[in-house]
Every structure is written in C-alpha cells, then in structure tokens.
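Chains, contacts and geometry: an overview
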2 protein chains.
Amino acid sequence: MSRLDRSLITGLPPFQGMTPADLDRVLQQARSLRIAKDQTVFEQEGEAHSFFLLLDGHVRVVKTTPDGQQVIVRYISPGELMGIAHALGRTTYPASAVAAVDCVVLAWPGNLWPDLAGSFPSFATGTYKTVGARLQEAQARVVELATEQVEQRVAHALLRLVKQTGRKTEEGILIDFPISRQDIAEMTGTTLHTVSRLLTAWEERGLVKSGRQKVTVVEPHRLFALAEGRAEKG
Amino acid sequence: MSRLDRSLITGLPPFQGMTPADLDRVLQQARSLRIAKDQTVFEQEGEAHSFFLLLDGHVRVVKTTPDGQQVIVRYISPGELMGIAHALGRTTYPASAVAAVDCVVLAWPGNLWPDLAGSFPSFATGTYKTVGARLQEAQARVVELATEQVEQRVAHALLRLVKQTGRKTEEGILIDFPISRQDIAEMTGTTLHTVSRLLTAWEERGLVKSGRQKVTVVEPHRLFALAEGRAEKG
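The rules behind each value
- Residues numbered from 1 in each chain as written.
- Chains lettered and ligands numbered in written order.
- Predicted model: local features only at pLDDT ≥ 70, side-chain atom pairs only at ≥ 80, totals over all residues.
- Heavy atoms only, no water.
- Axes fitted to C-alpha atoms, helices over the stretch in contact; angles between N-to-C directions.
- Helix = DSSP H or I, 4+ residues; strand = E, 2+ residues; numbered from the N terminus.
- Parallel < 35°, antiparallel > 145°, perpendicular 65-115°, else oblique.
- Contact = heavy atoms within 4.5 Å.
- Nonpolar A, V, L, I, M, F, W, Y, C, P; charged D, E, K, R; others polar.
- Buried < 20%, exposed > 50% of the residue type's maximum accessible area, 1.4 Å probe, protein only.
- Pairing = 2+ DSSP bridges.
- UniProt positions renumbered as here; feature names shortened; annotations may be inferred.
- Domains from an automatic or database assignment.
- Buried area = accessible area lost by both parts, 1.4 Å probe.
- Salt bridge = Lys/Arg side-chain N within 4 Å of Asp/Glu carboxyl O.
- Least-squares fit on C-alpha atoms with pLDDT ≥ 70 in both.
- Core = buried A, V, L, I, M, F, W, Y, C linked by side-chain atoms within 4.5 Å.

What follows covers the packing of helix α5 (residues 181-188) of chain B against helix α6 (residues 192-204) of chain B. Residues and elements named next belong to chain B. Contact pair α5 / α6: the axes reach a minimum separation of 8 Å and the direction vectors enclose 110°. Taken together, the axes of α5 and α6 are roughly perpendicular relative to one another. Contacts from R181, Q182, I184 and A185 of α5 reach α6 at L192, V195, S196, L199 and T200. Grouping the amino acids of the contact of α5 with α6 by side-chain chemistry returns five nonpolar, three polar and one charged.

Set out below in structure tokens:
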C-alpha cells in the first residue's frame, strides 16, 4: 500500500489543529479505498468495523424500515466523516451508506476511535461537533416533516443540496451528483409521482431544470420563497 | 444558597466514573432552581447562558417554526442533561424547554462547558453519548414521519413515552406526566382533531384510556402491533 500524504486531510474540520506529525500518525492507521457508484460503504445494522472519511465523491446515507421502505437520511460531501458509530456510543451502523458516484474514502478500524479521540482532543471535539450539527439537521427535518406541505419539503430538500454541493453553471446552480426523482422522494417522505409532478410544474415556471438524475436550480430565491410557504406573485 | 449534596448526581450517566471529590467540584459550580409547571427553562434562539440537568419533573423541548407552528422535539426525563448548546458547537439554544410539571433543575454557566469537558473526560464522553442517542432518536423520527401513516406515528409516540416515563397502575401503564391531545399532535405532525379521533377509537377497542392531560396504555402489545403497521385480528 502506498503511503497516504498528509495533504489529503490537512485543514479538514476533524483534523484541524493537529501537527504534521500527528496527521502522519493518524494517516498511518488509515487505508484508502475506491468505492464504485452504487456500491455500499457500510450496511445498516452491520458491525461497525471501520469509520470513514470521504475524500472524493458523494455518499447517500439510507435507513431502511422493517417493511423495506427507504429514507435518505442525508448526503455526505467530501471532507466529512461517516460511519462514526463509536462516537454515537454504538457498535453497529445505524444506517447504510451507498456511493452516489465513484468515491474515494479513508477507512480506520472502528476500535481505533477511542484511541484517536483520547490522543487528539481536537479530533474528538471536531467529531462531536459533526454529530451535533447532524442532530440539529435531523431535528430541522423532523420539524419540516411535521409542519410543512410536500411542496415546501421538496423545495427545502433541493435548496439543502444546492447549499451542500451546488456548482454554478450557465443555467443556474447544479446539484453536483446524480440524483433521481426517486431519491428526492426518499428524502422528503413522498412518492415518485408527487416529485415528478412538482418538478414538472416548477420547470414550467422557470424555477428549475431537471433531466435524468440531474437537477439545476435556476431561480434559488423563488424556490426559497416557495420553501418558506410564501406564495409566488402571479 | 445551601450546599448541594453529591448524592443528587452520583451514578447519573454524565457523572459516572467521577470521584466524590470530582462530583463536589462539579456541584460547587451549579445552582439548583425550581421551575414551575408551564414556565420556560430556556428559550429557542436565546443566548446559551447555562446548561441544565433535570433532577425532578418532566420538560418538553419545543421548536417553533417562523410561522408559529410548534413541534415537540422530545421530552426530558430526570437525570438527563438539557440546553447543552455548547456540546453541539452552538452559542444559542436550538429549541425552547418548558416544564411539563413542577421541576427541579441544576444549572451550570454555559461557558463552563469546555472546562468541565476538558477536566472530566467521562463527563465529555457521557454528554456526547447523549447527543449521539438524540441524533439516532431524531433520525428514527425522520423515518417515521417520512414513511408511516398518522395512526402508526401516534402509536409510536405513545409507546416512546411509556418506555421513557411509564408507571404501572391497575389500569395499565400510565404516561407519568400531564400530556394533552394537542401535545401529542405536536409530537407527531398531525392535528388535534386526528389525535382525538384516534384516541377515541383506541379507547373503544380497549387499547388505551385517556382523560384530561392523562393517557394510560392498557394493552401495550396491541398498540405496538398497530405502530408496526400490523392490522389487528377482528
């Protein structure tokens, strides 16, 4: 296995404040992996043998209910940790992670977690901040699902992805990984049919453009007004 | 102010593994407060001047949307921390906390958080486990709200409260604090009308008994079957 260069992780939130020697020590215990599109990084309820840092690509985190319904809990962007079951006080993964595109990840043995957190307080703090941020995000989604109409929820989901992964193009802001209408349905607790109906209506009004596994937000401000439940002026 | 005895917090998860001297040091910096029913412990978006441990009572954590809709995020039981904005990497409270009954809490200055976490690793770890558990709970609610019918969601909410606070009585398991139908609606993203309709139907079938601000689950197994989406046999 070739050596991993510390430039891979320098400056990323979980590793901020570490000396170059610390970074080397942390990297010595990691291995890098390629995960092909649609392959699984880890499986819900599987033993948490590793935790991961996404270096390149996008990963969707999916929870499956006992009767087989899928909900996309969140998308992971480059620089984010995932599979940090040990930081949650668990020994199994609470959800599955699936590569939305070809990905590169670093993997550390799961049982290394307490060592790393103990030796590098900034690593522990950085991870817990991540967990804290995800808690707030999950609670915001609880509030959305409990109070908003489906049109608002879908608008919020698209705006969240634009903020997280958006890339400016001539047409507007492109969500920078393949996303299907079914994915959007699984993010917002609605049906493929409803997502298709909404995207078609928004496209006719010039708010978005969408194609196969592709969504561009043309008018983010108008979509935001819609997400906030403000009606558009005729 | 009279001295707080360490027996108040000995053995509680955030303080496990601390020596008696440590517990005394931690308690020296706390003050105890009574919060009357329906009074606010802390306010959403208010500056996080303190974090709290609930010693006695029940507290509901409520998020209010910009247009004034309320969602009950969770209930806090005795022995649990609350208002731990600093552990989430925030300086304001993400929600409001309201006493569901007369409560006793311990309060520490918010800016003491990093000191305590640094001096007492078990306190830091215990708190982060709490945050991790709340993340999983919030994600479970996202999945429920995204995939379940309202009847299942209300059944799950009642079972969660039974597990958290249930007290055995002759009639069944009583949710051990005043809870209104409006509260249940705000926990499950539905209307007062729907909660009333469901409780009435369940009462007729002998699953629950309910009165003013009072719910007893008479047949938890049957309610669980309903929560899991399994139809009852005629």
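A separate point is the pairing of strand β5 (residues 70-76) of chain A. Residue and element names in this part refer to chain A. Extensive coverage of β5 is indicated by the burial of six of its seven residues. Of the pairings in the sheet, the one linking strand β4 (residues 59-64) to β5 comprises six bridges and is antiparallel in character. Bridging from a neighbouring strand, V59 pairs with I76 of β5. In this structure, the hairpin formed by β4 and β5 is closed by a connection of five residues, where G68 is found at a positive phi of approximately 90°.

Glancing now at the UniProt feature "domain: Cyclic nucleotide-binding" (unreviewed entry) in chain A. Following the UniProt record, one finds the feature "domain: Cyclic nucleotide-binding" (unreviewed entry) at residues 14-107 of chain A. Taken end to end, residues 14-107 of chain A is 10% helix and 41% strand, and its first and last C-alpha atoms sit 14 Å apart.

Take the domain arrangement of chain A next. Residue and element names in this part refer to chain A. In terms of domain boundaries, chain A breaks down into domain 1 (6-145) and domain 2 (149-227). Computed from C-alpha atoms alone, the centre-to-centre distance between domain 1 and domain 2 is 26 Å. Facing the 15 residues of domain 1 at the interface are 15 residues of domain 2. The three residues of domain 1 that bury the most area against domain 2 are I72, Y75 and E144, which together make up 42% of that side's buried surface. Run the count over domain 1 and domain 2 and you get one salt bridge. Its salt-bridge partner being E144, residue R160 comes within 3.0 Å of it at the nearest N-O pair. Secondary structure elements with two or more residues in the side of domain 1 that touches domain 2: β5 and α3 (121-147).

Next up on the list: the interface of chain A and chain B. At the junction of the two partners, chain A supplies 28 residues and chain B supplies 28 residues. Between chain A and chain B lies a buried interface of about 2800 Å² when both sides are counted; carbon and sulfur atoms form 74% of it. Summed over the shared surface of chain A and chain B, the result is zero salt bridges. At the level of elements, β5 and α3 of chain A are the ones that each hand at least two residues to the side of chain A that touches chain B. It is α3(A) that provides the largest number of residues to the side of chain A that touches chain B, a total of 16 residues. The class makeup of the residues in the side of chain A that touches chain B is 14 nonpolar, eight polar and six charged.

This brings us to the relation of the copies chain A and chain B. At an RMSD of 0.0 Å, chain A and chain B line up after a rotation of 180° and a shift of 0.0 Å along the axis. Considering both components of the superposition, the chain copies are consistent with a two-fold axis. Relative to the rotation axis, the C-alpha of L135(A) is the closest in chain A, positioned 2.3 Å from it. Comparing interface residues between copies, 100% of those in chain A also sit at the interface in chain B, which points to an isologous, same-surface contact.

In this section: the sheet that holds strand β8 (residues 103-109) of chain A. Residue and element names in this part refer to chain A. The strand order β1-β8-β3-β6 describes an open sheet built from four strands, whose pairing is antiparallel. Only two strands of the sheet have a single partner each, and these edge strands are β1 (31-35) and β6 (81-82). Summarising the sheet, strand β3 (residues 50-56) and β8 pair through six bridges and their orientation is antiparallel. Among the inter-strand pairings, D56 is bridged to a residue of β8, identified as V104.

Within the largest apolar cluster, 58 residues are counted, with the highest numbers of intra-cluster contacts made by F15(A), W108(A), F15(B) and W108(B). Not counting the four nearest positions on each side in its chain, W108(B) is found in contact with F15(B), V26(B), Q29(B), A30(B), H49(B), S50(B), F51(B), F52(B), L53(B) and L116(B). One finds I35(A), F52(A), V61(A) and I76(A) within the second-largest nonpolar core, a separate group that totals 49 residues.

Below, the discussion takes up the environment of Q69(B). The residue Q69(B) is located in the loop between β4 (59-64) and β5 (70-76) in this model. Q69(B) sits in the partly exposed class, given a relative accessible area of 32%. As for Q69(B) and E170(B), which are separated by 101 residues in sequence, their C-alpha atoms are 37 Å apart. Setting aside residues up to four positions removed in sequence, Q69(B) forms contacts with T147(A), K63(B) and T64(B).

On to the side chain of H58(B). Note on placement: H58(B) falls in the loop between β3 (50-56) and β4. In this structure H58(B) touches I76(B), S77(B), P78(B), V98(B), A99(B), A100(B), V101(B), C103(B), T165(B), D176(B) and F177(B), once residues within four positions along its chain are discounted.

Residues and elements named next belong to chain A. Residue position: T190 is located in the loop between α5 (181-188) and α6 (192-204). Measuring from C-alpha to C-alpha, the distance between T190 and R153 comes to 9.3 Å, with 37 residues separating the pair along the chain. Other than its neighbours up to four places away in sequence, T190 contacts V150, R153, V154, A185 and V195.

All right, on to the pattern of salt bridges then. Where side chains of opposite charge bring their charged atoms close, a pairing between them can arise. The tally for this structure, following the rule as stated, stands at 20 salt bridges over all chains. A salt bridge links K37(B) to D38(B); the nearest nitrogen and oxygen atoms lie 3.7 Å apart. For K37(B), a relative accessible area of 33% translates into the label partly exposed. Beyond isolated ion pairs, a larger network of salt bridges with shared partners links R74(A), E80(A), R134(A) and E137(A).

Turning next to the environment of L116(B). Residue and element names in this part refer to chain B. Topologically, L116 is positioned in helix α2 (residues 113-119). Owing to a relative accessible area of 4%, L116 belongs among the buried residues under this scheme. Separated by 90 residues in sequence, L116 and V26 have C-alpha atoms that sit 7.7 Å apart. Excluding residues within four positions of it along the chain, L116 makes contact with V26, F51, W108 and F123.

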